[in-house]
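# Topology and contacts: notes
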Amino acid sequence: MKTLHKTLALIALASSSAAFAAVDFDSFDTDGDGVISQTEAQANPQLAQIFDELDADGNGELSKEEFAVVQ
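The structure contained in this document is the topic of the report that follows. Please read all numbers here as calculations on a predicted model, not as lab measurements.

Reading guide: rules and limits
- Residues numbered from 1 in each chain as written.
- Predicted model: local features only at pLDDT ≥ 70, side-chain atom pairs only at ≥ 80, totals over all residues.
- Heavy atoms only, no water.
- Core = buried A, V, L, I, M, F, W, Y, C linked by side-chain atoms within 4.5 Å.
- Buried < 20%, exposed > 50% of the residue type's maximum accessible area, 1.4 Å probe, protein only.
- Helix = DSSP H or I, 4+ residues; strand = E, 2+ residues; numbered from the N terminus.
- Polar contact = N/O pair within 3.5 Å; in protein donor to acceptor, adjacent residues only side chain to side chain.
- Arc of directions from axis to C-beta.
- Patch = residues over 30% accessible without salt bridge, like charges linked within 9 Å, V, L, I, M, F, W, Y side chains within 5 Å.
- Areas by Shrake-Rupley, 256 points an atom, 1.4 Å probe, with all protein chains shown as cover.
- Salt bridge = Lys/Arg side-chain N within 4 Å of Asp/Glu carboxyl O.
- Lys, Arg positive; Asp, Glu negative; His and termini not counted.
- Charge placed at Lys NZ, Arg CZ, Asp CG, Glu CD.

So, on to the nonpolar core. In summary, soluble globular proteins display a tendency toward joint burial of nonpolar side chains. Counting residues in each nonpolar core, the largest one holds 11 residues, listed as F25, F28, I36, A41, L47, I50, F51, L54, L62, F67 and V70. Listing elements by their share of this core, those giving two or more residues are helix 3 (25–28) and helix 5 (45–54). Per-element accounting of this core gives the leading share, 4 residues, to helix 5.

Quick look at the structure:
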């Protein structure tokens, strides 16, 4: 069920018109530090919803590699 939820959220993120235009790592990394924080992820409800699933190492930040799952 958890995998299904993640898959559906990823599809929603990639397919929503506003999100699709912004599915670019740099557009979410607003402070330019090379990672997407939970605060930065809040700009997109779908990304915020699946943030913990994408944060593979559990450090509270998304690296480019972790974020690449949605691209």
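There's plenty left to go through after this.
Topologically, N44 is positioned in the loop between helix 4 (38–41) and helix 5. In this structure N44 comes out as buried when scored by relative accessible area, which is 7%. Side-chain polar atoms of N44 contact the backbone nitrogen of L47, separated by 2.9 Å.

Looking at helix 5, one finds that the buried residues are L47, I50, F51 and L54. The buried residues of helix 5 occupy one face: seen down the axis, they fall within an arc of 155°. Opposite its buried face, helix 5 presents the exposed residues P45, Q49 and D52, each directed more than 90 degrees away. If you check the start of helix 5, you find a side-chain oxygen 3.0 Å away from the backbone N of Q46, and it comes from N44.

Together, D31, D33, D57 and E61 give the surface a local cluster of negative charge. Counting through the fold element by element, D33 comes out in the loop between helix 3 and strand 1 (36–37). According to the relative accessible area criterion, D33 is partly exposed, its value standing at 45%.

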